[in-house]
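Structural overview
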Amino acid sequence: MTDASWGLDTLALRTGQRRTAEREHAEPIFTTSSYVFESAAHAAECFANETGEHNIYSRFTNPTVRCFEERLAALEGGDRAVATSSGMAAILSVCLAFLQQGDEVVCSRSVFGSTVGLFNRLIGKFGITTRFVELADLNAWEAACNERTRLFFVETPSNPLCELADLAALSTLARSKGVRLVVDNCFCTPALQKPLALGADIVVHSATKYLDGQGRMVGGAVVGNHKDMAEVFGVVRTAGPCMSPFNAWVFLKGLETLRLRMDAHSANALQLATWLQQQPGVARVHYAGLPDHPQYELAKRQMRAFGGVLSFEMAGGRDAAWKVIDATRMLSITANLGDAKTTITHPATTTHARVAPEARLAAGITDGLVRVAVGLEDIQDIQADLARGLAL
Ligand SMILES: *Cc1c(COP(=O)(O)O)cnc(C)c1O
């Protein structure tokens, strides 16, 4: 059962579960590739209905995956979610559902690296043009639009510099142009930010990050209204980037603690950002929860808390940044994020290494920049591990 009046935590724990005759308490994992029909007529009836209401084959639907979809849709405040094999598969499915040859996309410059590659190299091959703009410059979004524009694509806050797009303003512009606004809500999750309530049409997720929250699985999802999700479901059903039932079960367990974890990530990150501002050698800290962040007021309006990712710039450039990273003993040196364990990375030589040096600098990714995806360890232990390299 699901009750529309439930709060976020209750929705995260209870939505979508249907107990079987076995009376199990936890959600079962349906490891079956197909389903049996009561009769030839029943099979015909199920095949004739393409909405995904009836189980036919697990590329189309699976009860464990459906439970995850219903839960995530409820959390985001969307009619329906479609689960995918990864976050990139979610974005690809949106492209396949809503774009055709000759169409155009306007995309924030500050999006996940593979998202840039997908729009430029892969979708570009099929005669679709993507124009990249500054995420916070509304005039640039408007100027990049023309009668061929079909999608706006944005990620907020941005990685690794924590810049924000004003989702309410961007959705108003999208609506006036007859364009769908797609928001990658991976960094906030619905526990901190609800893009659909702010006017976005579609939310995409890499469930790999905070929805799982413990670095175990790769997965993704698309959330939106019934009509749009019927299109996305049609893509996943036919093209096949579907989520496995076991992964869906792990994500269901992750969702149960989503708000608690996001609040704890945010509290640790805010403490760490404030502490870093006082440390020797740190020239600047990027985190939307700091009152001196240029978009602090927007952040307070748009997000319930400020998330787990921050970055800081070492005055001593690349050498100083690498010293901080190499002096850690507990933090994990990895480009991944959204894990209960804190991770640290040097964007200029890892996640953004393939961006041309001038473009990288123009985007604010300096050689002294260090990104931390703040985990759930005790804050004093995270600080102590970073302090070792800051003192060098
Ligand atoms: C990781 C990530 C993706 C891609 O997700 P995968 O699950 O790795 O395919 C997309 N967007 C953002 C913001 C991400 O961090």
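Residues numbered from 1 in each chain as written. Predicted model: local features only at pLDDT ≥ 70, side-chain atom pairs only at ≥ 80, totals over all residues. Heavy atoms only, no water.

Just so we agree on the cut-off: UniProt positions are given in the numbering used here, feature names are shortened, and annotations may be inferred rather than shown by experiment.
An unreviewed UniProt entry annotates the protein as O-succinylhomoserine sulfhydrylase originating from Marinospirillum alkaliphilum DSM 21637. On record in UniProt, under Function (unreviewed entry), the comment for the protein is "Catalyzes the formation of L-homocysteine from O-succinyl-L-homoserine (OSHS) and hydrogen sulfide." Note on the protein: under the UniProt heading Cofactor (unreviewed entry), the record states "pyridoxal 5'-phosphate".

**A short note on the sheet that holds strand E1 (residues 80-84)**
Strands in a sheet are paired, the pairing made by backbone hydrogen bonds, and the direction either parallel or antiparallel. Put simply, the rule is: Two strands form a pair only when DSSP identifies at least two bridges running between them. Secondary structure counts use DSSP, requiring at least four H or I residues in a row for a helix and at least two E residues in a row for a strand, with both numbered from the N terminus. Axis definition: a line fitted to C-alpha atoms, limited for helices to the stretch in contact. Angles are taken between N-to-C directions and run from 0 to 180 degrees. We call two residues contacting when some pair of their heavy atoms lies within 4.5 Å.
On the basis of which strands lie adjacent, the open sheet formed by seven strands has the order E1-E7-E6-E5-E4-E2-E3 and mixed pairing. Here the strands that pair on one side only, and so sit at the sheet edges, are E1 and strand E3 (129-133). Each strand of the sheet is rotated relative to its neighbour by a mean of 20°, with strand direction disregarded. For strand E4 (residues 149-155) and strand E5 (residues 180-184), the ladder comprises five bridges, and the chain directions are parallel. Bridge assignment links Phe153 to a residue of E5, and that residue is Val182. Of the strands in this sheet, strand E2 (104-108), E3 and E4 are in contact with helix H5 (residues 113-123), which crosses E3 at around 140°.

**Re the packing of aromatic side chains**
The condition is simple: Each pair of aromatic rings taken from Phe, Tyr and Trp, with Trp reduced to its six-membered ring, is defined by centres within 6.5 Å and is described as stacked if the planes are under 30 degrees apart, edge-to-face if over 60, and tilted in the remaining cases. Each residue is assigned to one of three classes by its accessible area relative to the maximum for its type, calculated with a 1.4 Å probe on protein chains only: buried under 20%, partly exposed between the two thresholds, exposed over 50%. Throughout this description, the term charge over a ring refers to an Arg CZ or Lys NZ atom that lies within 6 Å of the ring centre and within 35 degrees of the ring normal.
For the structure shown, the criterion picks out eight aromatic pairs. Between Tyr287 and Phe306, the aromatic rings sit 6.4 Å apart at their centres with planes inclined by 80°, giving edge-to-face as the arrangement. Highlighted residues: Tyr287 in the loop between strand E8 (282-286) and helix H11 (296-302) and Phe306 in the loop between H11 and strand E9 (309-314), separated in sequence by 19 residues. We note that Tyr287, like Phe306, is buried. Following the ring pairs from residue to residue traces out a cluster consisting of Tyr287, Tyr296 and Phe306. The ring of Phe233 carries the charged tip of Arg80 above its face, separated from the ring centre by 4.7 Å. The ring centre of Phe60 lies 4.1 Å from the NZ or CZ of Arg237, which sits over that ring.

**Some details on the pairing of E4**
Successive side chains on a regular strand alternate, one facing one side of the sheet and the next facing the other. Buried residues dominate E4, accounting for six of its seven residues. As judged from the four bridges shared by E2 and E4, these two strands associate in the parallel manner. Across the sheet, the residue bridging to Val106 is Phe152, located in E4.

**Some remarks on the domain arrangement of the protein**
Heads up, the condition is: In this entry, domain limits derive from an automatic or database-based domain assignment. Buried area, as used here, totals the accessible surface that two parts lose on assembly, with accessibility defined by a 1.4 Å probe and the loss added over both. For this analysis, a salt bridge means a side-chain nitrogen from Lys or Arg found within 4 Å of a carboxyl oxygen belonging to Asp or Glu. Counting of polar contacts relies on pairs of N or O atoms within 3.5 Å, with two restrictions inside protein: one atom must be capable of donating a hydrogen and the other of accepting it, and residues adjacent in sequence are counted only when both atoms are side-chain atoms. Residues are grouped as follows: Ala, Val, Leu, Ile, Met, Phe, Trp, Tyr, Cys and Pro are nonpolar; Asp, Glu, Lys and Arg are charged; all remaining types, including Gly, are polar.
On domain assignment, one finds that the protein holds domain 1 (8-30 + 62-255) and domain 2 (258-390). At the junction of the two partners, domain 1 supplies 34 residues and domain 2 supplies 38 residues. With both sides pooled, the region where domain 1 packs onto domain 2 buries about 2800 Å², and carbon together with sulfur makes up 58% of that total. With a closest N to O distance of 2.7 Å, Arg259 and Asp9 form a salt bridge. In this assembly, domain 1 and domain 2 are joined by 16 residue pairs in polar contact (both at pLDDT 80 or more). Listed by contribution, the elements that provide at least two residues to the side of domain 1 that touches domain 2 are helix H1 (8-14), helix H7 (167-177) and helix H9 (245-256). When the residues that make up the side of domain 1 that touches domain 2 are grouped by side-chain class, the tally is 20 nonpolar, eight polar and six charged.

**Structural notes on the pairing of strand E7 (residues 220-224)**
Counting buried positions over the five residues of E7 gives five, a clear majority of the element. Alternating residues of E7 divide into Gly220, Val222 and Gly224 and Ala221 and Val223, and every residue in both groups is buried. Looking at chain direction, E1 and E7 are connected through five bridges and run antiparallel. Along E7, the bridge assignment pairs Ala81 with Val223.

**Comments concerning the sheet that holds E8**
Spatially, the five strands line up as an open sheet ordered E8-E9-E12-E11-E10, and their pairing is mixed. The open sheet has two free edges, formed respectively by E8 and strand E10 (332-333), since each of these has just one partner strand. Across five bridges, E9 lies against strand E12 (residues 369-373) in antiparallel orientation. Its bridge partner lying in E12, Glu313 is registered against Leu369. Against the sheet, helix H10 (residues 258-276) makes contact with E8, E9 and E12, and its axis sits at roughly 10° relative to E9, the strand it touches most. This element, helix H12 (residues 317-327), spans E9, E10, strand E11 (343-345) and E12 of the sheet and lies at about 130° to E9.

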